[in-house]
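These are the residues of each chain, in order.
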Amino acid sequence: ILGKWELFHRGTSYEGALFFGIEGRWDYGTIGPQNIGFQSLLNVGGTANSFSAYDDPRFILRNLYFHQGGPEAGWVYRFGKITPDAMLLGNRHISPNATFLPNAGTGVFAAGYPDSGLGAAANFFIGDRFSIGGLVSDANANRADWGDVREGQYYKAVELGVKIAPLTDQASYSKFLLWHNDGTKDGEPINGSTGAEGWGFAMVVEQELTFDGRVVLVGRYGRAYDKAALYDQQAAAHLLFYEPTGRFDNDVIGLAFNWVDSFQLDSRYEYSAEAFYRFPLLPDVATTLYYQAVIDPALSQELDFSSVYSVRVTTTF
């Protein structure tokens, strides 16, 4: 449940507003969709990012922050309870709820992200093709509460954005990230952080392949040092073809290949391939038929190949 309270300069590029996000998740069986890969295959790439249960509490206040500005204003900032992995290295073609599914295929977990918590971020736009931004947030953050910002451990990041060779007005920024995480106070992992202090870099590069913007290629790479992130390295390539049949307004075919180098000792390189087709089943209801091939699960010495089949139904109201 997302909400927005417009406070001043309403309807302008300088609008200031208070945003909140309430989230609840439940498993409908003994093992939730996200954890099938972790528990049954012993892979580290997962099977359905964001589809995992919250034990207690069932509903959480995931976000609560003030936001002002935007690209038209030339600047934007926000502060409050924020989610760094929803703000950094974002790309409109990569989403666990709308396009690809596993953690390795949707998130850059080589960027050592902390969880949702207190922080601040700002971004400046230089013309139509360049941006630069920064973020500071609590390294001890926990989405179920308010974290512990008083301990003095922080996650810091600088992000550069550039539209390399846009063919349409809908082209997204390619983004380059440099980050440092102070680690958690107790050295325990949370979200994309292992709890150790360290740093790294990551990038998401997008290129439209057709002049109508219907075919898009997205590449991702991340590298973490000092065992500070869940993945020491990860790389991926994604190809999306929008409205391939010409019969629907919002269908899309997606293909991807992912590679993961886990931070865990005695793990092996893990690979996965994805394919999906998303189409409108009813007005405001989208259905996705999905297949994932998991090759050499990182934490297993017995499995070499497994198949994952998924059906996802989403609606907005």
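Structural notes, computed from the coordinates. (Residues numbered from 1 in each chain as written. Predicted model: local features only at pLDDT ≥ 70, side-chain atom pairs only at ≥ 80, totals over all residues. Heavy atoms only, no water.)

## Observations regarding the pattern of salt bridges
Applicable threshold: Salt bridges are identified by distance alone: a Lys or Arg side-chain nitrogen within 4 Å of an Asp or Glu carboxyl oxygen. Burial classification: accessible surface area is computed with a 1.4 Å probe over protein chains only, and a residue below 20% of its type maximum counts as buried, one above 50% as exposed, and the rest as partly exposed.
Taken as a whole and assessed by the stated rule, the structure comprises twelve salt bridges. Here Arg150 ties to Asp148 by a salt bridge, and the two come within 3.7 Å at their closest N and O atoms. Taking relative accessible area as the criterion, Asp148 reaches 12% and is therefore assigned buried. Residue Asp296 is joined to Arg268 by a salt bridge in which the shortest nitrogen-to-oxygen separation is 3.6 Å.

## A few points about the nonpolar core
Let me state the cut-off plainly: Side-chain atoms within 4.5 Å link the members of a nonpolar core, which is a set of buried Ala, Val, Leu, Ile, Met, Phe, Trp, Tyr and Cys residues. Under the scheme used here, helices are H or I runs from DSSP no shorter than 4 residues and strands are E runs no shorter than 2 residues, and both carry numbers assigned from the N terminus. In what follows, residue pairs with any heavy atoms lying within 4.5 Å of each other are defined as contacts.
Grouped together as the largest cluster of nonpolar side chains are 30 residues, with contacts concentrated most on Tyr113, Tyr155, Leu177 and Trp179. Where this core is concerned, the elements lending two or more residues are β7 (154-162), β8 (174-181), β9 (198-208), β10 (215-224), β11 (231-242) and β12 (252-262). When residues of this core are assigned to their parent elements, the largest contribution, three residues, is made by β10. In this structure, Tyr113 is in contact with Pro84, Asp85, Leu88, Leu89, Val108, Tyr155, Leu177, Ile190, Asn191, Gly192 and Ser193, ignoring residues within four places of it in sequence. Judged by nonpolar contacts, the second largest core, of seven residues, contains Val44, Ala110, Val260 and Ala298.

## Examining the pairing of strand β13 (residues 270-282)
Rules: For two strands to be treated as a pair, DSSP must find at least two bridges joining them.
Bridge count for β12 against β13 is nine bridges, and the pairing is antiparallel. Looking across to β13, one finds that Ala256 is bridged to Glu274. As paired elements, β13 and strand β14 (residues 285-295) share eleven bridges and run antiparallel to each other. Its bridge partner being in β14, Leu282 is matched across the sheet by Val285. The turn joining β13 and β14, which pair antiparallel and follow one another in sequence, is formed by two residues; a positive phi near 70° is taken by Asp284.

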